[in-house]
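Residue-level listing of the chains:
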Protein chains: 2
Amino acid sequence: MESARVTLLKFSVLVLVVLLVLFFTRLPIYHPSDKDANFLDCTTYYSPWCTSKNRFQPKPKLYLHTPKPKPSSMTINHDTQVPNHPLDPLTIQEIHKTRSILTSYPPFSSSSSSSSFAIHTIVLEEPDKELVLNWKKGDPLLPRQASVIVLLKGKSHVLIIDLDSGQVINHVTSSSNGYPVMTIEDMSSSTWAPLSDATFNRTIVDRGINLADLACLPISTGWFGKKEENRRLIKVQCYSLQGTANFYMRPIEGLTVLLDMDTKKVVGISDMGRDIPIPKAENTDYRYSKVNKYSKVRLMKPISIEQPKGPSFEIEDGHLVKWVNWEFHLKPDPRAGVIISRAMVRDPDTGELRNVMYKGMTSELFVPYMDPTDAWYFKTYMDAGEYGFGLQAMPLDPLNDCPRNAYYMDGVFPTADGIPYVRSNMICVFERYAGDIGWRHAESPITGMEIREVRPKVTLVVRMAASVANYDYIVDWEFQTDGLIRIKVGLSGILMVKGTPYVNMNQVPEEEKLYGTLLSENVIGVIHDHYVTFYLDMDVDGSNNSFVKVNLVREETSPGESPRRSYLKANRHVAKTEKDAQIKFKLYDPSELHVINPSKLTRIGNPVGYKVVPAGTAASILDPKDPPQMRGAFTNNQVWVTPYNRNEQWAGGLFVYQSHGEDTLAVWSEKNRPIENKDIVLWYTLGFHHVPCQEDFPIMPTVSSSFDLKPVNFFESNPILNIPPNFEKDLPVCRAAASA
Amino acid sequence: MESARVTLLKFSVLVLVVLLVLFFTRLPIYHPSDKDANFLDCTTYYSPWCTSKNRFQPKPKLYLHTPKPKPSSMTINHDTQVPNHPLDPLTIQEIHKTRSILTSYPPFSSSSSSSSFAIHTIVLEEPDKELVLNWKKGDPLLPRQASVIVLLKGKSHVLIIDLDSGQVINHVTSSSNGYPVMTIEDMSSSTWAPLSDATFNRTIVDRGINLADLACLPISTGWFGKKEENRRLIKVQCYSLQGTANFYMRPIEGLTVLLDMDTKKVVGISDMGRDIPIPKAENTDYRYSKVNKYSKVRLMKPISIEQPKGPSFEIEDGHLVKWVNWEFHLKPDPRAGVIISRAMVRDPDTGELRNVMYKGMTSELFVPYMDPTDAWYFKTYMDAGEYGFGLQAMPLDPLNDCPRNAYYMDGVFPTADGIPYVRSNMICVFERYAGDIGWRHAESPITGMEIREVRPKVTLVVRMAASVANYDYIVDWEFQTDGLIRIKVGLSGILMVKGTPYVNMNQVPEEEKLYGTLLSENVIGVIHDHYVTFYLDMDVDGSNNSFVKVNLVREETSPGESPRRSYLKANRHVAKTEKDAQIKFKLYDPSELHVINPSKLTRIGNPVGYKVVPAGTAASILDPKDPPQMRGAFTNNQVWVTPYNRNEQWAGGLFVYQSHGEDTLAVWSEKNRPIENKDIVLWYTLGFHHVPCQEDFPIMPTVSSSFDLKPVNFFESNPILNIPPNFEKDLPVCRAAASA
């Protein structure tokens, strides 16, 4: 009993110390405002800790490096914005209205306060595909509905709210094992919750860390069995901010706090790394204002993509992008990030817009780390379904994230209480000229003809950059005038590193037990994979399409047939059912993968189509029965094709958080439904193995990979035969900037 | 005898007809000048048909689309140019001197006229690597020597001529089965030689083709057995120019003339396609002046990469490129195209230039077509060793092939008679800003920190474009400030197509007997592969390097060890001998491939290295015993490593033309020599399978693929931490052009 009293005393003293430190230390970087006394409970609407900091603000923030940003999105007044297209995202007013209907609807109306339930999603419930396809500009707008996911007493409620009638028209309580995408409030409050635990505070202090220097991250627990069932859990790991903004390089290794995410109560603490020093702060800061190590002499003269007459695209009504021969609908989404809809390309022969893709988006990510030890095994992120890929997409930095003349589009999302906020400059759209060649031909000395015809390549890029804590994912949708769509993922940002006692490789007895690379003294970059799975609802000249595997196989000639012994022939296999379309790439068993419209032939009789063209990628080779791989089973193949089903858009399932892998693309595909001459969806997974290297410290140069959707007998002939070359007389006349 | 006299008469009439037609028809495109009466015998030095048309001309030609080209190479006076660096290519004067020494040296002095031997190569004999590595600017230039290959009476003579002493210091007569790279004169004269054959002329006339409309191509025969041995052979296939400059789309199908390349005598004619119509000319021309089908309305406003203060690179003494943290020697080569030498990158910590690559170049290409029939089986091009990849690199088109501010470098090559000529604007060097991101990080709402740091990516590109008859290969060497080198190959130009009676797929009984895709009425695009093999003499911080395969393998955990069942670990295997380094890529058995310096460790003990990072590629799956694949056996693996040997630079062998595959990289590698901690050469093959589609008609939108050489623990940390972001105040101020 004496001992319990001592503990209580110690606890009280510690809490006091914590509170004093927190109130009187001025954190230079993320110190909550002093007047906001209740920053720990996260109930204040405008607390910067509990909601997105840029809760509805009509003006974007001041940019660090651009004294006069004038993004075009400034011209949109979110207060008065109304929808113009059936796929336009919910407006500020529509989100307010949704919240208002919801809070008059039991069981949400009966709740005593808004904090007893949390709104995890309010997005447009897209109208039926058929209706959207038939809708034309000038038609009355289709009925506006909101898809809402609310978490109440541990249960996920999925509602459809009709905004015109003000009615809840559908309400289902999920029986799924998983939970919805975390709210920003879930994540933020989780990072502070451990401070209410004495044991946690004690171990921090025992390790010599000032509580004011603490930065913590909320890490999804995944699911590994009974322990991760029947309640929402999250793990928190912490870092020292002392001496650097790049706290990620200063892990408090081995300390993991398990929280109940709903009660914010500490469920358990694992504290196994007390002997591991915290890596030093030197040379970890990457901010321009703090990099002192090197001279900041500008080694390069200014270089810029310039368009003195302005860009060649226009964005109608805020979301409909029109550029040269392309037209598509573009919107931000809290889960997917960017959604491209109704992508159509103009046929140069007929002048008509032809359907290519009904909807394309990042469906899910899977990022397993390769360290089975206590503080690391659970790091198997699914960034879209757990964290919200769009929620993490921060405002882009004009001139650096996107070139001059970019158009910036804002996102409008709800916080957990249903109040909308604006994520400014979340997506940019720009034209890109990289010095590349669209097509060329010169006659050689062989024929002696005097011909040299070259056409420059200009493309349109849609970009967002999601910062899922340490990592930054840059997602580009690049449209080419020749009909090709390139989908590119760039990885930058900061590694998730592991503390270690080692300062040199000569101290390491078993290299493989590092589970990665020694990057700096006491810092290991742990090996990990990244998989990004795209949902591509292809509608090639109409919804009914087939998937064709064009297999290149070696054919041996018969004796005497030819001086050649072998050649390659192309065998076409039309996939009948889903299992025919589960594709693993094989370099020595090559295939082209076509989505064709079997009912539409070119003039000379080829079915019109698009093919998916992989570039560099990686495949998951984890044990298929490993729980993370079961949840991430959508990465078991590089390509899948499923029949269109509006309930199958999220490859890891609608409720991914702590899911058991019972509702993934892999499960759906096993139904083996017919896919020939049907409305089909193509799924593509882009993969990266990342064995870190010292160049990744303290921040990673961007690594990119991509894949293409490319017309194949879609056009009668080269659709860019008519584009003109560049002429000197048309190009801009530039002078160095005034400041020069 | 009567019949012989009739034949003789017919032949005389035909020859007369041919000559009349040729003299009195004004060919709009490639008509030889009327005063040049002896254009068929190719002995006139300045005949445009027999030598490169831009034989030494100090001024580049007028460009079609650029009224005032001012390439920087204009500042180089080739007449007075002297070498400054041990690796500088031979100058005009040095080539003249080489020719002069050669023609005073038996057996070449005894020849009655210069036409009895042909000079196939005069290039710099590079000094020993050791000497070059020790040479410093300011040292006396190393002795200048020329490597010369001369063909005399069917034998290849390989000579080294010392230019200082004026002596032939080495002279070997090759016993190889192959022949040297064809001269431009070989190719040009072969295209005209069939006209001296009556049977050929008769079948052309019989097919209803005006002889004036004939365009013919010289096609390497390859080697398939006895028939292709002991004499230099070439096959000629012809096309109709009537109505289009794009004669490639109008094949005279099935007609193949076999020529003796030395005597220019017709050895045989295969005439099997008389019933196949010549495809129509409509819609095949691609020239801007001829494209009438579509309006030429400019859909895009001007867009340009602008650098009002000029580029940030300099090119010292014509060949030494210095840009930000890179320095390398750059030269044109008649066989390889572009040679990059002594590539070094500056260490941001020490400020010193560090060696990365001693020499990098395109070593060989292999382009097998997949049609075993008579007129197609032999099409298995090896474009560097047969045609000269550099010889086919045409002048680049400023503003279209390369952006504004590009620097253009000329090639200086000898014709078959040893007289030098200038290939103007053969290589361009430019800085590229494509709107990409070098690195970035934003803090997310999770931590709430106010950080957004983004750095734009600017790179330096070295480009050439080789037009090997129909195809155009764009080769880029792209240098990044983070130490990465990207080697990219773009394919554009025109397909080699096959005539067919079919005008619609509904007429085709057996699709696979097309050996390709019906592209237009009577036109088949035949399936083919492209392989481009690069020679990369890596010298990572010195010449002695090792090749390490870092294999990622699944490790299963022991029961109870972890909630995880599996993770990936990295196993390092240092290759001891060449066979350990014959690498076939496997998606499900992934590896990183490092070239390390085992004697140089980073501060924390990792060996410094570079890794080769593949992107999309293709592997040859032809029968390894098929004669073309034996000759192209260097494509049997994607990666090889050999010990440095100055005689092993051309992956298909020094004498590729009609070679039997006895002197390829695959043969050398089988010696299985030690490669650990040695001066080693990395070989990388980039592959493409090309199943043509209608979009490739009549000219192909560019398709690209690339691979990277990327620092891996080469730098102590991210080497571009110190680069500044873009600031609005530094960027150019542009206005629309005066003509606007």
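It should be noted that the structure appears before, not after, this text.
All values derive from a computational prediction rather than experimental measurement.

> Any details on the side chain of Ser147 of chain A? Residues and values, ideally.
With respect to the helices and strands, Ser147 of chain A occurs in strand E2 (residues 145-152). Its relative accessible area of 13% is what places Ser147 of chain A among the buried residues.

> Talk me through the sheet that holds strand E4 (residues 167-173) of chain A; I want residue IDs and the actual numbers.
All names here are of chain A. Strand order across the open sheet formed by four strands is E1-E2-E3-E4, with antiparallel pairing between neighbours. Since the sheet does not close on itself, it has two edges, and those belong to strand E1 (117-124) and E4, each with one partner. Neighbour-to-neighbour, the strand axes of this sheet turn through a mean angle of 20 degrees, independent of strand direction. Sheet topology places strand E3 (residues 155-162) next to E4; six bridges connect them, and they run antiparallel. Residue pairing in the sheet places Leu159 in a bridge with His171 of E4. The strands that helix H2 (residues 92-102) touches are E1, E2, E3 and E4; relative to E3, the one it contacts most, it runs at about 115 degrees.

> Give a detailed account of the packing of aromatic side chains, specifying residues and quantitative values.
On inspection of all chains with the given rule, the structure shows 56 aromatic pairs over all chains. Their ring planes at 65 degrees and their centres at 5.6 Å tell us that Phe389 of chain A and Tyr473 of chain A sit as a pair that is edge-to-face. Of this pair, Phe389 of chain A sits in the loop between helix H6 (383-387) and strand E16 (407-414) while Tyr473 of chain A sits in strand E19 (residues 471-480), and the two are 84 residues apart along the sequence. A single burial state applies to Phe389 of chain A and to Tyr473 of chain A, both of which are buried. Ring plane angle 15 degrees and centroid distance 4.2 Å describe the contact between Phe328 of chain B and Phe479 of chain B, whose orientation is recorded as stacked. Separated by 151 residues along the polypeptide, Phe328 of chain B in strand E12 (residues 326-333) and Phe479 of chain B in strand E19 (residues 471-480) bring together distant segments of the chain.

> Outline the state of the cysteines, supporting the account with residue identities and numerical values.
Residues and elements named next belong to chain B. For the coordinates displayed, the defined rule picks out five disulfides over all chains. What pairs with Cys216 in a disulfide is Cys238, and their sulfur atoms sit 2.1 Å apart. Taking the sign of the torsion about the S-S bond as the criterion, the disulfide between Cys216 and Cys238, at about 105 degrees, is right-handed. Of this pair, Cys216 sits in strand E5 (residues 214-220) while Cys238 sits in strand E6 (residues 233-240), and the two are 22 residues apart along the sequence.

> Go over the sheet that holds strand E2 (residues 145-152) of chain B, please, and point to the residues and values.
Residue and element names in this part refer to chain B. What the four strands build is an open sheet, ordered E1-E2-E3-E4; its pairing is antiparallel. Each edge of the sheet is formed by a strand with only one pairing partner; in this case those strands are strand E1 (117-124) and strand E4 (167-173). Shown here is a sheet whose adjacent strand axes are inclined to one another by a mean of 20 degrees, direction ignored. The sheet strands contacting helix H2 (residues 92-102) are E1, E2, strand E3 (155-162) and E4, and the helix crosses E3 at an angle near 115 degrees.

> Outline the relation of the copies chain A and chain B, supporting the account with residue identities and numerical values.
Each copy superposes on the other: chain A lies on chain B with an RMSD of 0.0 Å after a rotation of 180 degrees and an axial shift of 0.0 Å. On this basis, the relationship between the two copies can be described by a two-fold rotation axis. Interface overlap between copies is the fraction of interface residues in one copy that are interface residues in the other; for chain A against chain B it reaches 100%, indicating a shared surface.

> Tell me what's going on with the environment of Pro627 of chain B, and back it up with residues and numbers.
Assignment of secondary structure puts Pro627 of chain B in helix H7 (residues 627-631). For the pair Pro627 of chain B and Phe378 of chain B, spaced 249 residues apart in sequence, the C-alpha separation works out to 9.8 Å. In contact with Pro627 of chain B, other than residues within four places in its own chain, are Pro563 and Arg565 of chain A together with Trp223 and Phe224 of chain B.

> Before we move on, could you go through unusual backbone geometry and cite the residues and values that matter?
Residue and element names in this part refer to chain A. The peptide bond linking Pro106 to Pro107 adopts the cis configuration, its omega dihedral lying at 5 degrees. Relative to the helices and strands, Pro107 is located in the loop between H2 and E1. Each neighbour pair has its own omega, and for Phe697 with Pro698 the value is 0 degrees, a cis peptide bond. Secondary-structure assignment places Pro698 in the loop between strand E30 (678-690) and strand E31 (700-711). A positive phi angle is found at Asn677, which is not glycine, with a value near 50 degrees. For Asn677, the location among the structural elements is in the loop between helix H8 (665-669) and E30. Look at Asn677 and you get partly exposed, because its relative accessible area is 35%.

Reading the values: rules and limits
- Residues numbered from 1 in each chain as written.
- Chains lettered and ligands numbered in written order.
- Predicted model: local features only at pLDDT ≥ 70, side-chain atom pairs only at ≥ 80, totals over all residues.
- Heavy atoms only, no water.
- Helix = DSSP H or I, 4+ residues; strand = E, 2+ residues; numbered from the N terminus.
- Buried < 20%, exposed > 50% of the residue type's maximum accessible area, 1.4 Å probe, protein only.
- Pairing = 2+ DSSP bridges.
- Axes fitted to C-alpha atoms, helices over the stretch in contact; angles between N-to-C directions.
- Contact = heavy atoms within 4.5 Å.
- Phe/Tyr/Trp six-rings, centres within 6.5 Å; stacked < 30°, edge-to-face > 60°.
- Disulfide = S-S within 2.5 Å.
- Least-squares fit on C-alpha atoms with pLDDT ≥ 70 in both.

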